[in-house]
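For reference, the chains in residue letters:
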Amino acid sequence: MLAIMARLRHPKHGCPWDLAQNFASIVPHTLEEAYEVADAIERGNYDELAGELGDLLFQVVFYAQLGQEQGQFDFIDVVERLNAKLEQRHPHVFAGRDVVAGQWEQLKAQERAQNAQHGALDNVPLNLPALVRSAKLQKRAARVGFDWDNLAPVAAKVSEELAEVMAEVNQPQVQPALVQEEVGDLLFAVVNLARHLNVEPEQALRQANAKFERRFRAVEHHCQQDNLSMNNADMEQLEHYWQQVKTAEKS
């Protein structure tokens with residue numbers, strides 16, 4: 001793989017597209033490949049998953065090639081740093097049981113020292129999907145004690161934020177910017193609820209999207225069977241079909 005990558009980037013005989021790329025230009029492709037891996041897993045398509053994982057691995061190899069060309073790092077550096085990190089974070093696996101407790105305390109002390117020198121929210125990537133970044137920000141804050149210790153106030157916050165959205169919507173003169181701000185607060189609170197329930201919000205929303213798409217297509221099929229157009233059917237009829245689809249799925 002490394003030899004193939006080097007050939008693709010050969011200055012004279014390489015691929016024009018690969019030669020034109022840089023670190024920044026590859027990022028969108030990396031994100032896309034990661035989502036395609038997630039999609040294959042969610043659909044249970046493991047034959048396809050092997051290919052998608054290969055595409056994702058290619059992204060790492062591409063970055064390593066660019067790093068080597070610039071004299072910054074190479075693939076071996078990437079793997080060695082990963083090995084060191086995994087061993088450091090798993091002393092209970094790679095060290096004797098008699099030193100595990102002490103090492104865990106040492107790791108925690110190092111983390112506390114780092115947090116004292118840097119902000120707890122530093123280095124959370126800005127280009128993450130908003131739901132993913134919300135969860136990461138909240139986890140970082142929780143590490144330093146900024147978190148509720150039970151579910152009740154978290155759920156109450158969701159209700160509070162929803163009430164604030166409706167209060168803004170019901171103003172005599174609705175201000176879209178304020179509505180957007182309140183909806184953002186509501187979404188943030190829902191992400192916090194998901195975190196406390198050990199639910200990954202991005203994955204949960206992807207599942208909800210897939211469920212909506214499946215049920216909507218079923219409603220379209222019902223309309224076609226009854227020689228109706230969705231544009232002409234009233235909402236009462238469409239809701240009837242929707243409930244039929246939900247009942248059929250549950251049964």
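Residues numbered from 1 in each chain as written. Predicted model: local features only at pLDDT ≥ 70, side-chain atom pairs only at ≥ 80, totals over all residues. Heavy atoms only, no water.

Two quantities define a packed helix pair, namely the angle between the helix axes and the distance between the axes. Helix 10 (residues 176–196) packs onto helix 9 (residues 151–169) with a crossing angle of 165° between their chain directions and a minimal axis gap of 9 Å. Classified by the angle their axes make, helix 9 and helix 10 are roughly antiparallel. When you trace helix 9 past helix 10, the crossing you get is left-handed. Of the residues in helix 10, those in contact with L151, V154, A155, K157, V158, E161, L162, E164, V165, E168 and V169 of helix 9 are L178, V179, E182, V183, D185, L186, A189, V190, N192, L193 and H196. (Axes fitted to C-alpha atoms, helices over the stretch in contact; angles between N-to-C directions. Helix = DSSP H or I, 4+ residues; strand = E, 2+ residues; numbered from the N terminus. Parallel < 35°, antiparallel > 145°, perpendicular 65-115°, else oblique. Left-handed = near helix turned anticlockwise from the far one by under 90°. Contact = heavy atoms within 4.5 Å.)

This paragraph deals with unusual backbone geometry. The backbone phi angle of N198 is positive, close to 60°, even though this residue is not glycine. Here N198 is to be found in the loop between helix 10 and helix 11 (201–225). Accessibility expressed as a relative area gives 72% for N198, which makes it exposed. Of note in this structure, N227 is not a glycine but carries a positive phi near 55°. Summarising the element assignment, N227 is placed in the loop between helix 11 and helix 12 (235–250). A relative accessible area of 72% means that N227 is categorised as exposed. (Buried < 20%, exposed > 50% of the residue type's maximum accessible area, 1.4 Å probe, protein only.)

With respect to the helices, strands and loops of the structure, K211 is situated in helix 11. Taking the C-alpha atoms as reference points, K211 and A34, separated by 177 residues in sequence, lie 21 Å from one another.

Taking 1.5 Å as the rise per residue, helix 4 (residues 46–69) with 24 residues should run 34 Å; its terminal C-alpha atoms sit 35 Å apart, in good agreement. When helix 4 is considered as a whole, its buried residues turn out to be L49, E52, Q59, V61, F62, Y63, A64, Q65, L66 and G67. Looking at the buried positions of helix 4, the neighbouring elements they touch are helix 1 (2–8), helix 2 (16–19), helix 3 (23–42) and helix 5 (75–89). (Expected span 1.5 Å × (residues − 1).)

Keep in mind that these numbers describe shape and distance, not what the molecule does.
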